[in-house]
Amino acid sequence: MTSPTGGTPGEVHGTALPPEPATAFAPEITHAECRQCGTRVAGLDGRYACGVCGWTNDWSEGHRPLPRAEDDPDFPGPGVSPENPLAD
């Protein structure tokens, strides 16, 4: 069966929906007070940045280790510098 948009049922405008990402964990939204101005801030896994004064906590203070570059599906490979589309 073909839909009016030219695809098959379950597709959007003739293109298949992307697969769900396979993540090992889902980040947790956490809250704290800014250590500089006291504003309540939210962050992911204990990493914060204050939009009022610009304070950020160190990346090592997070609740979980940061993912490695190799875990990124767009990682180009070791020793390969990704092309910057804004460099031109």
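Residues numbered from 1 in each chain as written. Predicted model: local features only at pLDDT ≥ 70, side-chain atom pairs only at ≥ 80, totals over all residues. Heavy atoms only, no water.

> How do you make sense of the overall build of the protein chain when you look at a structure like this?
Helix and strand counts for the protein chain stand at zero helices and two strands. Per-residue burial over the protein chain gives 17% buried out of 88 residues. Put simply, the protein chain shows about 7300 Å² of open surface, and 56% of that area lies on carbon and sulfur atoms. (Helix = DSSP H or I, 4+ residues; strand = E, 2+ residues; numbered from the N terminus. Buried < 20%, exposed > 50% of the residue type's maximum accessible area, 1.4 Å probe, protein only. Areas by Shrake-Rupley, 256 points an atom, 1.4 Å probe, with all protein chains shown as cover.)

> Sorry, what's going on with the environment of V41 here?
By secondary structure assignment, the location of V41 is in strand β2 (residues 40-44). Each C-alpha atom of the pair V41 and V52 lies 9.5 Å from the other, and the pair is eleven residues apart in sequence. Contacts of V41, omitting those with residues within four sequence positions, involve T30, H31, A32, E33, C34, Y48, A49 and C50. (Contact = heavy atoms within 4.5 Å.)

> Help me understand the nonpolar core, please; the structure alone is not making it clear to me.
A general tendency of soluble globular proteins is for nonpolar side chains to be buried together. Within the largest apolar cluster, five residues are counted, these being C34, V41, Y48, C50 and W55. Setting aside chain neighbours within four positions, we find C50 in contact with C34, C37, T39, V41 and W55. (Core = buried A, V, L, I, M, F, W, Y, C linked by side-chain atoms within 4.5 Å.)

> How do you make sense of the pairing of β2 when you look at a structure like this?
On a regular strand, one side chain projects to one face of the sheet and the next to the other, so that they alternate. The two faces of β2 differ: V41 and G43 on one face are buried, but R40, A42 and L44 on the other face are not. Bridging between strand β1 (residues 29-33) and β2 involves five bridges; their strand directions are antiparallel. Among the inter-strand pairings, E33 is bridged to a residue of β2, identified as R40. What sits between the antiparallel neighbours β1 and β2 is a turn of six residues, in which G38 has the positive phi angle 85°. (Pairing = 2+ DSSP bridges.)

> Help me understand the pattern of salt bridges, please; the structure alone is not making it clear to me.
One pass over the full model with this rule turns up three salt bridges. Among the salt bridges present, the one from D71 reaches R68, with a minimum N-O distance of 3.1 Å. On the accessibility criterion, R68 (52% relative accessible area) is exposed. (Salt bridge = Lys/Arg side-chain N within 4 Å of Asp/Glu carboxyl O.)

> Whenever I open this one, unusual backbone geometry confuses me. Can you help?
For residues other than glycine, phi is negative in most cases, and the peptide bonds are mostly trans. Positive phi values are uncommon outside glycine, yet D45 reaches one of about 50°. Here D45 lies in the segment after β2.

> What should I look at first to understand the state of the cysteines in this one?
Summed over the entire model, instances satisfying the criterion amount to zero disulfides. With no disulfide of its own, C34 has C53 as its nearest cysteine by sulfur position, at a separation of 3.5 Å. Looking at C34, the relative accessible area reads 4%, which means it is buried. (Disulfide = S-S within 2.5 Å.)

> Sorry if this is basic, but what is going on with the side chain of N57 here?
Relative to the helices and strands, N57 resides in the segment after β2. Residue classification places N57 among the buried residues on the basis of a relative accessible area of 10%. Polar contacts involving the side chain of N57 include one to the main-chain carbonyl oxygen of G46, which spans 2.8 Å. Those residues within four positions of N57 in sequence are excluded, and the remaining contacts are R35, G46, R47 and Y48. (Polar contact = N/O pair within 3.5 Å; in protein donor to acceptor, adjacent residues only side chain to side chain.)

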